[in-house]
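Below are the chains, spelled out letter by letter.
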Amino acid sequence: MIISVVGMGYVGLVTGACLASFGHKVFCYDRDPAKIESLKKKIVPVYEKGMKELVEANVDSGQLLFTSSPNPAFRISDVIIIAVGTPALKTGEPDLSSFFSATRQIGESLDPERFTVVVTKSTVPVGTWSKLASILGSQRGGHSHFGVVSNPEFLREGNALWDTVYPDRIVIGACCQRSVKVIRDLYRPIIEQSFGNLPGIPPRPGHLKRVELIVTTPVNAEMIKYAANVFLATKISLINEIANICERVGADVTVVSRGVGLDHRIGPEFLKAGIGWGGSCFGKDLASILHTAGKYGYFPQIIDAAVQVNTRQRQKIVLDLEDLLGDLGGRTIGILGLSFKPNTNDLRDAPSLDIISGLLEKGAVVKVYDPVAMDECKRQHPELTVTYEYSAIKAASNADALVIVTEWEEFRNLDLKQLKGVMKQAVIVDGRNIFAPRAIRKEGFIYKGIGRPDK
Ligand SMILES: NC(=O)c1ccc[n+]([C@@H]2O[C@H](COP(=O)([O-])OP(=O)(O)OC[C@H]3O[C@@H](n4cnc5c(N)ncnc54)[C@H](O)[C@@H]3O)[C@@H](O)[C@H]2O)c1
């Protein structure tokens with residue numbers, strides 16, 4: 001099949017590279033010419049495990065092409081996938097300007113002689129599919145030689161390639177059976193797990209024989225995406241609330257969540273207490289569904305509470321530091337981790353940014369280290385008056401306290417003796433509960449985790 005993918009962010013690039021591996025010819029278009037020029041040179045703009053190998057292999061085989069002009073690719077495509085960003089506006093509503101500008105561009109280019117399916121992978125408010133269909137329809141002069149499919153994306157940054165080729169399910173919300181057939185063919189290698197080993201992606205897990213395909217209406221598909229993110233974000237906020245109670249009653253949330261998560265009705269995933277969720281999706285998607293519900297005169301209390309708990313959890317770190325150190329003015333605080341989670345350099349809605357701003361407001365001196373996200377942070381946040389250090393030990397040197405913000409693997413393996421030796425005061429606030437309290441206290445640290453007893 002011939003595929004076009006619009007928008008070369010995490011979702012678009014991963015989707016394009018994976019589909020190219022299955023033998024589809026994939027044209028990747030982005031409105032940012034600099035991004036396209038780097039991709040043509042096989043320079044991958046995001047940090048994502050295996051991405052470079054997969055992109056290189058598919059560019060070399062000629063299956064994956066990058067272009068800054070969507071024509072003629074759109075015109076000859078069987079499927080056009082929209083994966084542009086839909087960031088939140090101040091009102092909570094997503095900004096759909098990029099999405100609709102891509103839609104109009106597609107509408108202008110479709111070949112009336114060819115049936116093309118336009119697929120929405122961007123996360124868009126419930127009901128957007130019908131606006132998409134009507135824009136395309138009006139540009140085609142009412143001639144509907146196209147199909148519209150809502151195909152929400154569930155990949156996790158840091159595991160994006162794995163999630164794309166071995167997903168838990170694929171959801172297709174289609175306007176017609178003809179479109180379903182096209183999209184079923186598009187994803188057949190994933191549904192039937194019929195592909196061999198792919199560059200940059202570990203081999204298939206033994207249990208996976210077939211991937212569930214959910215075929216439904218576009219409105220259900222759009223709603224499934226929001227419902228999934230609401231569940232996941234709320235689960236984290238809920239365990240953080242439990243953690244806050246644990247701290248007060250002297251219980252350890254890591255033990256409590258294990259005891260709870262082994263109940264198969266609950267499950268162990270997304271039950272790690274910490275400084276809360278971040279990233280490009282949860283915050284904006286919860287704001288978006290709150291906004292949608294509001295338009296229909298409904299206020300979803302649990303979703304609102306999940307957001308509030310998350311905000312409070314970030315502020316808690318500064319309060320914990322004040323409890324331990326008193327006035328933070330002039331104190332040196334080392335921050336380990338900037339990205340919103342490990343194995344990515346994505347800083348969108350990263351808790352680190354709020355924590356650092358909170359510390360700077362209190363007059364603290366902030367030193368930071370992240371294995372991959374420092375260049376992005378310097379570029380995106382020149383306003384942050386922090387010192388960037390090239391190692392965890394350098395960030396800890398002479399610090400009054402060290403805060404674990406992102407659970408990068410290398411932080412788990414820090415040499416605690418060396419760490420204690422370089423710090424002004426051996427104080428650790430562990431926002432991700434990566435250390436064993438007893439062991440770290442034995443090394444002479446004052447240790448504060450999330451939802452864990454103080455002694
Ligand atoms: N990142 C994730 O983990 C994730 C997971 C699931 C769903 N999503 C959703 O997928 C969508 C894309 O997310 P992302 O993180 O990949 O976004 P991103 O911001 O990383 O990338 C978007 C890309 O689209 C390009 N673009 C914007 N308007 C364009 C246009 N009109 N024509 C061509 N290119 C255009 C931008 O230049 C940018 O390169 C969003 O709606 C997001 O909510 C993201």
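About the cut-offs
- Residues numbered from 1 in each chain as written.
- Predicted model: local features only at pLDDT ≥ 70, side-chain atom pairs only at ≥ 80, totals over all residues.
- Heavy atoms only, no water.
- Axes fitted to C-alpha atoms, helices over the stretch in contact; angles between N-to-C directions.
- Helix = DSSP H or I, 4+ residues; strand = E, 2+ residues; numbered from the N terminus.
- Parallel < 35°, antiparallel > 145°, perpendicular 65-115°, else oblique.
- Left-handed = near helix turned anticlockwise from the far one by under 90°.
- Contact = heavy atoms within 4.5 Å.
- Near = heavy atom within 4 Å.
- Polar contact = N/O pair within 3.5 Å; in protein donor to acceptor, adjacent residues only side chain to side chain.
- Areas by Shrake-Rupley, 256 points an atom, 1.4 Å probe, with all protein chains shown as cover.
- Nonpolar A, V, L, I, M, F, W, Y, C, P; charged D, E, K, R; others polar.
- Domains from an automatic or database assignment.
- Buried area = accessible area lost by both parts, 1.4 Å probe.
- Salt bridge = Lys/Arg side-chain N within 4 Å of Asp/Glu carboxyl O.
- Core = buried A, V, L, I, M, F, W, Y, C linked by side-chain atoms within 4.5 Å.
- Buried < 20%, exposed > 50% of the residue type's maximum accessible area, 1.4 Å probe, protein only.
- Pairing = 2+ DSSP bridges.
- Phe/Tyr/Trp six-rings, centres within 6.5 Å; stacked < 30°, edge-to-face > 60°.
- Lys NZ or Arg CZ within 6 Å of the ring centre and 35° of its normal.

Engineer: I tried to follow the packing of helix 9 (residues 218-249) against helix 10 (residues 253-261) on my own but got confused; where do I start?
Structural biologist: When two helices pack together, you describe them by how their axes are tilted relative to each other and by the distance separating the axes. At their nearest, the axes of helix 9 and helix 10 sit 9 Å apart, and the two run at 135 degrees to each other. Relative to helix 10, the element helix 9 lies oblique. Helix-helix and strand crossings are classified by hand; for helix 9 and helix 10 the assignment is right-handed. Contacts between helix 9 and helix 10 involve Ile-239, Ile-242, Ala-243 and Cys-246 from the former and Val-253, Val-256 and Ser-257 from the latter.

Engineer: Mind showing me how you'd approach the site of the ligand here?
Structural biologist: Around the ligand sit 27 residues in total, of which Asp-30, Lys-35, Thr-86, Glu-157 and Lys-284 are the nearest. Separating an oxygen atom of the ligand from a side-chain N or O atom of Lys-35 is a distance of 2.6 Å. Here the ligand has 830 Å² of accessible area as a free molecule, and 91% of this is covered by the chains. Among the secondary structure elements, those contributing two or more residues to the shell around the ligand are helix 1 (10-21) and helix 5 (97-109). Here the residues of the shell around the ligand sort into 10 nonpolar, 9 polar and 8 charged.

Engineer: Would you mind showing me how to read the domain arrangement of the protein chain here?
Structural biologist: One widely used convention gives an interface's size as the accessible area the parts lose upon coming together. If you check the domain split of the protein chain, you get domain 1 (2-216) and domain 2 (232-448). Relative to domain 2, the C-alpha centre of domain 1 lies at a distance of 33 Å. Facing the 17 residues of domain 1 at the interface are 16 residues of domain 2. Here domain 1 packs against domain 2, burying approximately 1300 Å² in sum over the two surfaces, 52% of which is carbon and sulfur. Sorting the residues of domain 1 by area buried against domain 2 places Tyr-10, Tyr-47 and Glu-157 first, and these three jointly supply 39% of that buried surface. The partner of Arg-348 in a salt bridge is Glu-157, with the nearest N and O atoms 3.5 Å apart. The interface formed by domain 1 and domain 2 includes 7 residue pairs in polar contact (both at pLDDT 80 or more). Of the residues contributing to the side of domain 1 that touches domain 2, the split by class is 8 nonpolar, 5 polar and 4 charged.

Engineer: What exactly am I supposed to notice about the nonpolar core here?
Structural biologist: What tends to happen in soluble globular proteins is that the nonpolar side chains get buried as a cluster. Counting residues in hydrophobic clusters, the biggest one holds 58 residues, and the most contacted among them are Leu-321, Ile-333, Ile-335, Leu-336, Leu-359, Leu-419 and Ile-428. Residue contacts for Ile-428: discarding those within four places in its chain leaves Leu-402, Ile-404, Leu-419, Phe-435, Ile-440, Phe-445, Ile-446, Tyr-447 and Lys-448. Leu-13, Leu-64, Val-79 and Ala-174 belong to the second largest nonpolar core, which has 49 residues in total.

Engineer: Would you take a moment to explain the sheet that holds strand 8 (residues 212-216) for this structure?
Structural biologist: Within a beta sheet, neighbouring strands are joined by backbone hydrogen bonds and run either parallel or antiparallel to one another. If you trace the 8 strands from one edge of the open sheet to the other, you get 3-2-1-4-5-6-7-8, paired in mixed fashion. Here the strands that pair on one side only, and so sit at the sheet edges, are strand 3 (64-67) and strand 8. In this sheet, adjacent strand axes meet at a mean angle of 25 degrees when their direction is disregarded. Inspection of the sheet shows strand 2 (residues 25-29) paired to strand 3 by 4 bridges, in the parallel sense. Note on strand 3: the bridge partner recorded for Tyr-29 is Thr-67. In this fold helix 5 packs onto strand 1 (2-6), strand 2, strand 4 (79-82) and strand 5 (116-120), with an angle of close to 165 degrees to the strand it touches most, strand 4.

Engineer: What is the right way to read the environment of His-264 from this model?
Structural biologist: Tracing the sequence through the fold places His-264 in the loop between helix 10 and helix 11 (282-295). Using a relative accessible area of 75% as the deciding quantity, one classes His-264 as exposed. Between the C-alpha atom of His-264 and that of Gln-177, which follows or precedes it by 87 residues, the distance is 36 Å.

Engineer: I tried to follow the pattern of salt bridges on my own but got confused; where do I start?
Structural biologist: Pairs can form between side chains of opposite charge whenever their charged atoms are close. Tallied over the full model, the rule gives 29 salt bridges. Of the charged contacts, one joins Arg-379 and Glu-376 as a salt bridge, the two residues approaching to 2.8 Å between their closest N and O atoms. Placement of the pair is Arg-379 and Glu-376 together in helix 14 (residues 374-380), with a separation of 3 residues, close to one helical turn. According to the relative accessible area criterion, Arg-379 is exposed, its value standing at 58%. Taking the relative accessible area as the measure of exposure, Glu-376 reaches 18% and is therefore buried. Through salt bridges with shared partners, a single network forms among Glu-247, Lys-316, Asp-320, Lys-448 and Asp-454.

Engineer: Which parts of the structure should I look at to understand the packing of aromatic side chains?
Structural biologist: The geometry of an aromatic ring pair is captured by the separation of the ring centres together with the interplanar angle, meaning the angle of the planes. For the structure on display, the rule yields 9 aromatic pairs. Ring geometry for Phe-99 versus Phe-100: centroids 5.4 Å apart, planes at 75 degrees, classification edge-to-face. Each member of the pair, Phe-99 together with Phe-100, is buried. The ring centre of Phe-115 lies 4.1 Å from the NZ or CZ of Arg-178, which sits over that ring. If you follow Arg-204 out to its NZ or CZ, it ends over the ring of Phe-195, 4.6 Å from the centre.

Engineer: Would you mind going over the sheet that holds strand 14 (residues 446-448) with me for this structure?
Structural biologist: Read from one edge of the open sheet, 6 strands run 11-10-9-12-13-14, paired in parallel fashion. Both outer strands of the open sheet, strand 11 (387-388) and strand 14, are each paired with one neighbouring strand and no more. Sheet analysis places strand 12 (residues 401-404) next to strand 13 (residues 427-430), joined by 3 bridges and oriented parallel. The residue of strand 13 that forms the bridge with Val-403 is Val-429. The strands that helix 12 (residues 301-325) touches are strand 9 (332-336), strand 12, strand 13 and strand 14; relative to strand 13, the one it contacts most, it runs at about 160 degrees.

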